[in-house]
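Chain by chain, the residues run as shown.
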Amino acid sequence: MRGTALAAAAMAGALVLAGCAKDSGAGNNNNASTGDQSASCVTAPKPPAAAAASTSTSQAGEKVDGSKLKVALAFDVGGRGDASFNDSAAAGTDKAKTELGVTSVTESTAAATEDEAAKSQRLDQLASQGFSPVIAVGFAYAKAVGAIAPKYPNTQFAIVDDDSVKAPNVTPLVFAEEQGSFLAGVAAAYKSKKCHVGFVGGVNTPLIQKFEAGFLQGVKAASSKAKIEDEYLTPAGDFSGFQDPAKGNVKAAAQIAKGADVIYHAAGASGKGVFEAAKSNNAMAIGVDSDQYNQKTVEASKDVIITSMLKRVDVAVFDYLRALAKGDLTSLPKRFDLKVDGIGYATSGGKIDDIKDVLEGYKAQIVSGAITVSDKPQK
């Protein structure tokens, strides 16, 4: 969800990153998709082969009874079926039904053009109906949560992608999107046959800039000469960028026409158009949030999806509901990152099997702190 990179980013250890070169290296790329260090686009040394330990709290074995929870999901634009962010949140409550015995779940979806009053009204209505917790899916709900939560001190609220609301009954569920996007950038550089890749963001906000930042840094970590197209669908404040597949198609097609052959999107439901453009123009794509290779709503384009950056909103929502049912919210991580399986990458389709050791090597370095991924784009 959510130009051309010119600056160099400094990295730890043996990785030496150079600025993204103007030339695309398009004439010397026949090995770029093999994962071989001799591939034309890859210029950095292969990272040490070491697997990072993952310890998601959702895997804890203790039986927890969540049958008393009355859960409300207030979706961002797109709602269930967006093949991305909202679907991932829905998967978390679906898992809670199966594993925690949650039986009462209601869902409500924001409209692309609605104002703050409508968001506040939605949360107010859900809380007044006795739902607890009320989970606001998306940073766009921040002001509404801040306004409504104090009115219902005995109702638990959670908000995904925002930690600005400071209230005892509000739990932030935030992520290290830049870490997973770094791995997406590495994958793009390794798989590009033209040494030319692209990023399509939905709405130009600080949150989506984290995806952009990690992607740019990951591409540069693997290649000092890759060319990067870097654009957004809409400016901050215009949230239609998350729900406009046609615009996503046009933007991605334009990047492909310039030479990019791997496009990473962080654009919510607009990503459907990105995939369609990749399929129509013999390019590859990287999904976001959910494992989009397996999403029914983009099934027609699945063959071009080489991986997806997994933002495990499902893990965060499930872990939150589990912790709430246990009565111990202190067990939740402050930020869902690679270390706790809050962020990751998908392997469905087998299209990155040849570079899994590379991705795991970079992942291990991020988890250990040898690599620090910036959440601000370095262009």
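Each chain carries its own residue numbering, running from 1 in the written order of its sequence. Reporting of local features is limited, given that this is a predicted model, to residues whose pLDDT is at least 70; pairs of side-chain atoms are given and counted only at 80 or more, and all residues count toward the totals for whole chains, interfaces and linings. By convention in this description, side-chain values take in all heavy atoms of the structure and omit both hydrogens and water.

### With respect to helix α1 (residues 85-99)
Here α1 is 15 residues long and its end C-alpha atoms lie 22 Å apart, about the 21 Å a rise of 1.5 Å per residue gives. Among the residues making up α1, those that are buried are F85, N86, D87, S88, A89, A90, G92, T93 and A96. Count one or two residues on from α1 and you reach G101, which has phi positive near 80 degrees. Here a helix means four or more residues in a row that DSSP labels H or I, a strand means two or more in a row labelled E, and each is numbered from the N terminus. By definition here, a helix of n residues has an expected span of 1.5 Å times n minus one. The rule is simple: take the accessible area with a 1.4 Å probe, protein chains only, and divide by the maximum for that residue type; under 20% is buried, over 50% is exposed, in between is partly exposed.

### Side note on the sheet that holds strand β7 (residues 227-234)
If you trace the six strands from one edge of the open sheet to the other, you get β7-β6-β8-β9-β10-β11, paired in mixed fashion. The outermost strands of the open sheet, each flanked by one partner alone, are β7 and β11 (343-345). On average, each strand axis in the sheet is inclined to that of its neighbour by 15 degrees, with strand direction left out of account. Any two strands with at least two DSSP-identified bridges between them are counted as paired. Axis definition: a line fit to C-alpha positions, over the contact stretch in the case of helices; interaxial angles, taken between N-to-C directions, run 0 to 180 degrees.

### Some words on the pattern of salt bridges
Every case where a carboxyl oxygen of Asp or Glu lies within 4 Å of a side-chain nitrogen of Lys or Arg is listed as a salt bridge. Applying the stated criterion across every chain, the model contains 18 salt bridges. When the shortest N-O distance is used, the salt bridge between D94 and R80 registers 3.2 Å. Linking D94 in helix α1 with R80 in the loop between β1 (70-75) and α1, this pair joins segments that are 14 residues apart in sequence. Residue D94 is classed as partly exposed on the basis of its relative accessible area of 29%. Within the structure, one salt-bridge network assembled from shared partners comprises D161, E177, E178, K210 and K311.

### Considering the packing of aromatic side chains
Whether two aromatic rings pair depends on their centres lying within 6.5 Å, for rings of Phe, Tyr and Trp, where Trp uses its six-membered ring; planes under 30 degrees apart make the pair stacked, over 60 edge-to-face, and the rest tilted. Evaluated as defined, the whole model comprises eight aromatic pairs. Look at F139 and F239: their rings are 5.9 Å apart centre to centre, the planes differ by 55 degrees, and that puts the pair in the tilted class. Here F139, found in the loop between β3 (134-137) and α3 (142-148), pairs with F239, found in the loop between β7 and α6 (245-257); they are 100 residues apart in sequence, far enough to count as distant. Ring geometry for F215 versus Y264: centroids 5.1 Å apart, planes at 35 degrees, classification tilted. Residue F215 is found in helix α5 (residues 206-222), and its partner Y264 is found in strand β8 (residues 262-266); the two are separated by 49 residues along the sequence. Accessibility classification places F215 together with Y264 in one group, the buried group. By the ring-pair criterion, three or more aromatic residues cluster together here, those being F199, F215, Y232 and Y264. Here, a charge over a ring means that NZ of Lys or CZ of Arg falls within 6 Å of the ring centre while also lying within 35 degrees of the ring normal. When the ring centre of F131 is taken as reference, the NZ or CZ atom of K70 above it lies at 4.7 Å. Its end group placed over the ring of F318, K95 keeps NZ or CZ at 4.5 Å from the ring centre.

Function-wise, these values are silent; they only describe arrangement.
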